[in-house]
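Per-entry structural report
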Amino acid sequence: MMGEVSSASRPSIRERFRLQWEPVQAAHVLLYPEGMVKLNQSAAAILTRCDGATTVADIVADLERTCSATGLGPEVCAFLEHAVRQMWLELRE
Amino acid sequence: MNGAREEAAAHAPRPGPPLWLLLELTYRCPLHCAFCYNPTDLGSIGEELSTDEWLRVLAQARSAGAVQLGLSGGEPLVRKDLEAIVAEAHRIGFYTNLITSGVGMSESRIAALKEAGLVHIQLSFQDSTRAMNDFLSSTRTFELKARVAALIRKYRYPMVLNVVLHRLNIDHVEQILGMAEQMGAEYVELANAQYYGWAWLNRAQLLPSRAQLRQAEEVTMRFRARVDERMRIFFVVPDYFETRPKPCMNGLGSVFLAIAPDGTALPCHAARMLPGLSFPNVRQSDIGSIWYDSPAFNRYRGEGWMKDPCRSCAERSMDFGGCRCQAYLLTGEAENADPVCQRSAHHHLVRQAVEQAERTASGSTGDTESPELIFRN
Ligand code: SF4
Ligand code: SF4
């Protein structure tokens, strides 16, 4: 359920949330009961990869490939932890 | 006067998208609440929009950037096409919320709504029926709500309860919360009645006294401490007891768009009462032009329309001068500061209403001056 974010966890967006691209706002948004968060690019890049099947390790690797960057692990994990605390994500092992 | 209006509209800043869309699908309702927020002259409202017309509204609002959708009424379950409307709304990217009294909910309907993509249901306890006992004791109302609450849980919806508080039920907050707990509520909103529509007609009967309010808040705090995270409780104080107004709708025409059953577009569901405005109808205009170009939606945007004390007040960007409908109802002019504000020259009207409530509650007036409760009919 809750737990710590590890490289083997498979995060997914909770059922009550809806993540989508909004052309009018030119941004991804996360919708929940009576509210909305507008996501910045990196938050959106991470959350759109949280499909409940992909592991954190694979998410990081994929992001590093698409952004031609290395060492993104700590930053991604910190954001995922934040998202779990916000109840946006749930973790499966 | 007219010139000033046009000028205000010309200076109105271009707003962001109408993020929040509320469709009042019908004013029909099997209940008769004394604090119903629907208009009191229901007879004069035009014909309800058809299914196709609602679907067109959804599509237009979605392209204008609307994302949150509230489906309310009246009782939205009265509409047989509710499932079709939800399905289309979900398909095109709305986050769908149903606001219902539960009357008319059955297992087959909730299953169909889930299938259609409905994500959220708010069960309202608005039906304090003629017999207050019926609301409080475990009779028909309780059984109905409990049955619907069980369906809501069974179909894995968050169990969200909204209870309208007023003088006649506020002393029973403990029982109400106990009932909510029994129903497995995750969120409970104890919202004091707001004084528009039918509630305005009944204000003298519905406004609680200060002591009642304090007591109810204490009970809520104790209850909250006991149930902790299991059940989150919001307590909304009636703004008559405040000294600053609420930032009503974040300013009219800034994020919220309501469509009445007959297609009238409103910047707040109570705004129909505001004088001198002709509200556009979705039968004649599309949502984009209604939102961005109609004089009625531009009328109270920005600060150009403000009078003193708001015009020169440092807090005007925080509360936008409060609620226009409340200013109009109490002072006769929508441009005045919301009289809830201590700085308003009309603040005494709010104080008087509260004082009258104190007297009536303590029975010291013999109650002869306060009229009978009028139930929505
Ligand atoms: S407030 Fe009561 S009467 Fe009015 S629409 Fe809601 S349930 Fe019906
Ligand atoms: S004077 Fe007007 S803007 Fe200032 S706090 Fe009161 S209502 Fe708000």
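Our structure's up above, just so we're on the same page.
1. Focus: helix H14 (residues 324–331) of chain B
Residues and elements named next belong to chain B. Of all 8 residues making up H14, 6 are buried, and the element is well covered by its neighbours. Turning to H14, its buried residues number three or more, namely Arg324, Cys325, Gln326, Ala327, Leu330 and Thr331. Just beyond H14, the residue with positive phi is glycine 332, at close to 85°.

2. So, the interface of chain A and chain B
How big an interface is tends to be reported as the loss of accessible area on association of its parts. Taken together, the contact pairs 13 residues of chain A with 20 residues of chain B. Summing both partners gives a buried area of about 1,400 Å² for chain A against chain B, and 49% of it is carried by carbon and sulfur. Of all residues in chain A, Arg16(A), Arg18(A) and Glu34(A) bury the most surface against chain B, accounting for 42% of the area lost on that side. Between the two partners, chain A and chain B, sit 4 salt bridges. With its nearest N and O atoms 3.2 Å apart, the salt bridge here joins Arg16(A) to Glu186(B). Scanning the region where chain A abuts chain B turns up 9 residue pairs in polar contact (both at pLDDT 80 or more). Of all the secondary-structure elements, those providing two or more residues to the side of chain A that touches chain B are strand E2 (18–22), strand E3 (27–32) and strand E4 (35–38) of chain A. Element by element, the count of residues in the side of chain A that touches chain B is highest for E2(A), at 3 residues.

Here is what the cut-offs are and how they apply
Residues numbered from 1 in each chain as written. Chains lettered and ligands numbered in written order. Predicted model: local features only at pLDDT ≥ 70, side-chain atom pairs only at ≥ 80, totals over all residues. Heavy atoms only, no water. Buried < 20%, exposed > 50% of the residue type's maximum accessible area, 1.4 Å probe, protein only. Helix = DSSP H or I, 4+ residues; strand = E, 2+ residues; numbered from the N terminus. Contact = heavy atoms within 4.5 Å. Buried area = accessible area lost by both parts, 1.4 Å probe. Salt bridge = Lys/Arg side-chain N within 4 Å of Asp/Glu carboxyl O. Polar contact = N/O pair within 3.5 Å; in protein donor to acceptor, adjacent residues only side chain to side chain.

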